[in-house]
Amino acid sequence: MKRNGIIRFSFILFNFLFILFLGINLYFPDKAMDLFKFRPYIIVSDSMSPIIEIGDIVVLRAVDPKNLVEGDIISFQWDHRTVIHFVAQIEEDGSQGRSFRTKNARAHESAQWDYWTLGEEHITGVLAFKIPKVGFLGLFLRSFQGMISVVVLAAVFLLRKMVIKYYETD
């Protein structure tokens, strides 16, 4: 009996922490990397295909830009959005630190690299691992149809509970 209590408590604690983690990532995305030292993203572009596909979840970890090497997959802020690309070239800028040129997975020559040059302040993380295809659920839940599905499901469960309670009282 005591073992069931421990399992139940562990399950509740894990779910609470998971919901807390999701909430912080959703409502305070800039603070998530500071608190947890990693952050998940759902891929919505095919720029890193075939290495990272649309619908994959990538988990990025905090990184000191001084530890990056060419070929690392990094995340950075550009034009008010998060981009995930390869480090194509690193240049030492002396007192200003390092600058980075990036590329997508299909860019094989320097002429195909991204047009921007990033400073260390733009780098937000490095790829820790990816989970293939799991992000499609998140993409669906973000859509209008996904939101409607959640509302309908919640209503069905609530209605079911009310009906069961009504018949139990008789």
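Scroll up for the structure.
Given the structure is predicted, the values throughout are model-derived calculations rather than measurements.

Asker: Tell me about the pattern of salt bridges, and name the residues and values.
Answerer: In total, this model carries four salt bridges according to the counting rule given. For D46, the salt bridge identified is with R106, shortest N-O distance 3.8 Å. Remark: R106 occurs in the loop between strand 5 (98-103) and strand 6 (117-119) and D46 occurs in the loop between strand 1 (38-42) and strand 2 (57-61); sequence separation between them is 60 residues. With relative accessibility at 42%, the residue R106 sits in the partly exposed group.

Asker: Lay out a nonpolar patch on the surface with the relevant residues and their values.
Answerer: On the surface, a nonpolar cluster with roughly 510 Å² of combined accessible area is contributed by F9, L13, F16, L17 and L20. The topology assignment puts F16 in helix 1 (residues 2-27). Assessed through its relative accessible area of 53%, F16 is described here as exposed.

Asker: Can you explain unusual backbone geometry? Please cite residues and give values.
Answerer: Omega for the bond connecting S49 with P50 falls within 30 degrees of zero, at 15 degrees, which places this linkage in the cis form. By secondary structure assignment, the location of P50 is in the loop between strand 1 and strand 2. At D79, a residue that is not glycine, the phi angle is positive and equals roughly 55 degrees. Note that D79 resides in the loop between strand 3 (73-78) and strand 4 (81-92). Given the relative accessible area of 59%, D79 is considered exposed. Despite not being glycine, H80 has its phi angle at roughly 65 degrees, a positive value.

Asker: Requested: an account of the packing of aromatic side chains, with residues and values cited.
Answerer: The tally for this structure, following the rule as stated, stands at four aromatic pairs. On the numbers, 5.0 Å between centres and 70 degrees between planes, the contact of Y115 with W116 is edge-to-face. Residue class for W116 comes out buried when judged on its relative accessible area of 8%. Grouping aromatic residues by their ring pairs yields a cluster made of F76, W78, Y115 and W116.

Asker: Talk me through helix 4 (residues 144-168); I want residue IDs and the actual numbers.
Answerer: In a regular helix each residue adds 1.5 Å, so 25 residues correspond to 36 Å; helix 4 covers 36 Å between its end C-alpha atoms and thus fits that length. Burial of helix 4 is sparse: only one of the 25 residues sit out of reach of the surface.

Asker: Give a detailed account of the pairing of strand 7 (residues 123-131), specifying residues and quantitative values.
Answerer: As defined by bridge partners, strand 2 adjoins strand 7 across five bridges and the pair is classed as antiparallel. Across the sheet, the residue bridging to R61 is V126, located in strand 7. Here strand 3 runs beside strand 7; their pairing, made up of three bridges, is antiparallel. In the sheet register, F76 faces strand 7, and the bridge partner there is I123.

Asker: Requested: an account of the layout of surface pockets, with residues and values cited.
Answerer: Its volume calculated, the largest pocket comes out at about 1300 Å³. P40, Y41, I42, I57 and R142 are the residues nearest the centre of the largest pocket, which is lined by 38 residues in total. Elements represented by at least two residues in the lining of the largest pocket include exactly helix 1, helix 2 (29-36), strand 1, strand 2, strand 4, strand 7 and helix 3 (135-142). Looking at which element gives the most residues to the lining of the largest pocket, the answer is helix 1, with nine residues.

Asker: Explain the nonpolar core to me, and be specific about the residues and the numbers.
Answerer: Among the nonpolar cores identified, the biggest contains eleven residues, and these are L68, I74, F76, V83, V87, I90, F100, W116, L118, I123 and V126. Among the elements of the structure, strand 3, strand 4 and strand 7 are those that each provide at least two residues to this core. If you tally residues by element for this core, the top one is strand 4, at three residues. If we skip the residues at most four places from it in the chain, F76 touches R81, T82, V83, H85, T102, W116, L118, H122, I123 and T124. Grouped together as the second largest cluster of nonpolar side chains are ten residues, Y41, I43, M48 and I52 included.

Calculation notes
Residues numbered from 1 in each chain as written. Predicted model: local features only at pLDDT ≥ 70, side-chain atom pairs only at ≥ 80, totals over all residues. Heavy atoms only, no water. Salt bridge = Lys/Arg side-chain N within 4 Å of Asp/Glu carboxyl O. Helix = DSSP H or I, 4+ residues; strand = E, 2+ residues; numbered from the N terminus. Buried < 20%, exposed > 50% of the residue type's maximum accessible area, 1.4 Å probe, protein only. Patch = residues over 30% accessible without salt bridge, like charges linked within 9 Å, V, L, I, M, F, W, Y side chains within 5 Å. Areas by Shrake-Rupley, 256 points an atom, 1.4 Å probe, with all protein chains shown as cover. Phe/Tyr/Trp six-rings, centres within 6.5 Å; stacked < 30°, edge-to-face > 60°. Expected span 1.5 Å × (residues − 1). Pairing = 2+ DSSP bridges. 1 Å grid on protein atoms, 1.4 Å probe; cavity = no way out; pocket = protein on both sides within 12 Å on 5 of 7 lines; lining within 4 Å. Points joined across faces, edges and corners; volume = space filled by probe spheres on them. Core = buried A, V, L, I, M, F, W, Y, C linked by side-chain atoms within 4.5 Å. Contact = heavy atoms within 4.5 Å.

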